[in-house]
Amino acid sequence: VACAVFVCGTAAAAAYRYKDASGQWVYTDRPPPAGQAAQSVTLGRVDAGSPKMVVLPRSTSTGVALTAVNGCECTVEFAVKAKTATGEKVARGVVQPRSEQVLLDVAAADGPSSVRYEYGYVVGAPGVQHRPPQPYRAPFALAQRFQVTQAPPDAITHRDAASRNALDIAMPVGTAVHAARAGVVIDVAARHFRSGLAAQNMEDANFVQVMHDDGTNAVYAHLQLDTVRVRPGQRVSRGEYLANSGNTGFSSGPHLHFVVLRNVGLRSESLPVTFAGPGGGGVTPRSGQHLVAY
Ligand SMILES: [Zn+2]
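Everything quoted here is computed from the prediction, not taken from an experiment. (Residues numbered from 1 in each chain as written. Predicted model: local features only at pLDDT ≥ 70, side-chain atom pairs only at ≥ 80, totals over all residues. Heavy atoms only, no water.)

### Observations concerning the sheet that holds strand S5 (residues 64-70)
Strands in a sheet are paired, the pairing made by backbone hydrogen bonds, and the direction either parallel or antiparallel.
Then, in step 1: In space, the three strands of this open sheet follow the order S4-S5-S8, with antiparallel pairing throughout. Two strands lie at the open edges of the sheet, namely strand S4 (53-59) and strand S8 (99-106), each paired on one side alone. Across the sheet, the mean angle separating the axes of adjacent strands is 25° when strand polarity is ignored.
Then, in step 2: Where S4 lies against S5, seven bridges are found, and the strand directions are antiparallel. Residue pairing in the sheet places Arg58 in a bridge with Ala65 of S5. (Pairing = 2+ DSSP bridges. Helix = DSSP H or I, 4+ residues; strand = E, 2+ residues; numbered from the N terminus. Axes fitted to C-alpha atoms, helices over the stretch in contact; angles between N-to-C directions.)

### Description of the pairing of S5
Then, in step 1: Burial within S5 is extensive, with seven of its seven residues counted as buried.
Then, in step 2: The alternating pattern of S5 places Val64, Leu66, Ala68 and Asn70 on one face and Ala65, Thr67 and Val69 on the opposite face, and all of these are buried.
Then, in step 3: In this antiparallel pair of consecutive strands, S4 and S5, the connection spans four residues.
Then, in step 4: Looking at chain direction, S5 and S8 are connected through seven bridges and run antiparallel. Bridging across to S8, Val69 finds its partner in Glu100. (Buried < 20%, exposed > 50% of the residue type's maximum accessible area, 1.4 Å probe, protein only.)

### Some words on the pattern of salt bridges
Then, in step 1: Across all of its chains, the model carries nine salt bridges by this definition.
Then, in step 2: With its nearest N and O atoms 2.6 Å apart, the salt bridge here joins Arg98 to Glu73. Residue Arg98 is located in the loop between strand S7 (87-95) and S8, and its partner Glu73 is located in the loop between S5 and strand S6 (76-84); the two are separated by 25 residues in the primary sequence.
Then, in step 3: Given a relative accessible area of 58%, Arg98 falls into the exposed group.
Then, in step 4: Across the salt bridge formed by Glu118 and Lys81, the nearest N and O atoms sit 3.6 Å from each other. In this pair, Glu118 sits in strand S9 (residues 116-123) while Lys81 sits in strand S6, placing the two residues 37 residues apart along the sequence. (Salt bridge = Lys/Arg side-chain N within 4 Å of Asp/Glu carboxyl O.)

### Describing the state of the cysteines
Then, in step 1: Under the definition given, this model contains one disulfide.
Then, in step 2: Each sulfur in the disulfide pair Cys72 and Cys74 lies 2.1 Å from the other. Looking down the S-S bond of the Cys72 and Cys74 bridge, the torsion is 115°, so its handedness is right-handed. Pair check on accessibility: Cys72 and Cys74 agree, each one buried. (Disulfide = S-S within 2.5 Å.)

### Regarding the coordination of the zinc ion
Where a metal carries four tetrahedral donors, each ideal angle is 109.5 degrees; where it carries six octahedral donors, the ideal angles are 90 or 180 degrees.
Then, in step 1: Around the zinc ion, the protein contributes the donor atoms His158 (NE2), Asp168 (OD) and His257 (ND1), which lie 2.0 to 2.2 Å from the metal centre.
Then, in step 2: The sequence motif formed by the donor residues of the zinc ion is H-x9-D-x88-H. With His158 in the loop between strand S10 (145-150) and strand S11 (167-170) and Asp168 in strand S11, the pair connects residues that are ten residues apart, well separated along the chain. Asp168 shares its class with His158; the two are buried. (Donors = N, O, S within 2.8 Å, 3.2 Å for Na, K, Ca; no water.)

### So, unusual backbone geometry
Then, in step 1: Each neighbour pair has its own omega, and for Pro152 with Pro153 the value is 10°, a cis peptide bond.
Then, in step 2: Its location among the elements puts Pro153 in the loop between S10 and S11.
Then, in step 3: One non-glycine residue with positive phi stands out, namely Asp226, at about 60°.
Then, in step 4: Mapping Asp226 onto the fold places it in the loop between strand S15 (217-223) and strand S16 (235-236).
Then, in step 5: Look at Leu266: it is not a glycine, yet its phi comes out positive at around 60°.
Then, in step 6: Tracing the backbone through its elements, the reader meets Leu266 in the loop between strand S18 (255-263) and strand S19 (268-271).

### Comments concerning the environment of Ala170
Then, in step 1: Along the chain, Ala170 turns up in strand S11.
Then, in step 2: A sequence separation of 21 residues divides Ala170 from Thr149, and the C-alpha atoms of the two residues are 6.3 Å apart.
Then, in step 3: Contact partners of Ala170, with chain neighbours within four places excluded, come to Phe146, Gln147, Thr149, Pro254 and His255. (Contact = heavy atoms within 4.5 Å.)

### Quick notes on the side chain of Ser270
Then, in step 1: By the element assignment, Ser270 lies in strand S19.
Then, in step 2: A distance of 2.8 Å separates a polar atom in the side chain of Ser270 from the backbone nitrogen of Asn165. (Polar contact = N/O pair within 3.5 Å; in protein donor to acceptor, adjacent residues only side chain to side chain.)

Note that every value here comes from positions in space, so none of it alone points to a role or purpose.
Have a look at this one:
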């Protein structure tokens, strides 16, 4: 991600990633506003299979085209903000899977490296409806039983829109995690090993992200190091083995963080889910209760 921000020629270019006031990731080459917690972004992803989702400056005959490059097997909505001689220009665009789209043309007499801009993105087409064809399957092996330690309406750590309906399910490190619903794997992280409740661990969770047919996506997080057994682009069926649970990233103990998201317009919103219970009926997960996979 780092080099993508804008000066790819400068190997040591610093890049930053932070969440803005609306909770969206912003990528920029300069330190974010004072008081804004940010992380420097390391050059290159730890997982070579992760899709590239970046905005690049490309030279044109009249200036520079800020171009969204979407390497994901999914639709991605981008926004870009550029500083120009005449002021600030913003643009957004919904970019189809594995394609590119010019978001903004800016005049730039001194070439691409003179253009100052930042961008953000959210995976998924904006405004989709959550239409699961059947209740979700509890994301572990059939007949296993684990305690839900955080579910709505409780919000101990799940306080923003992207996590309000997320679930924490306590399970020992090494428990097999299975797909709760069919879809296409769009991103994974598998090489992280740090954990604990320190801010620098926020980005260190291993995860699998699966896009569903209705345009919503599921995230399975805090997975065990080097156990992810699916890769971006792969279609998975409901119940398919994905990885082992772990305790990586911002986590106080072994558990699975499971959330279904949709893009509501450059913003991710979590969605309530129900699970198949005995006889296939919908079970609403509650904090403190046990969940069984049927
Ligand atoms: Zn959680």
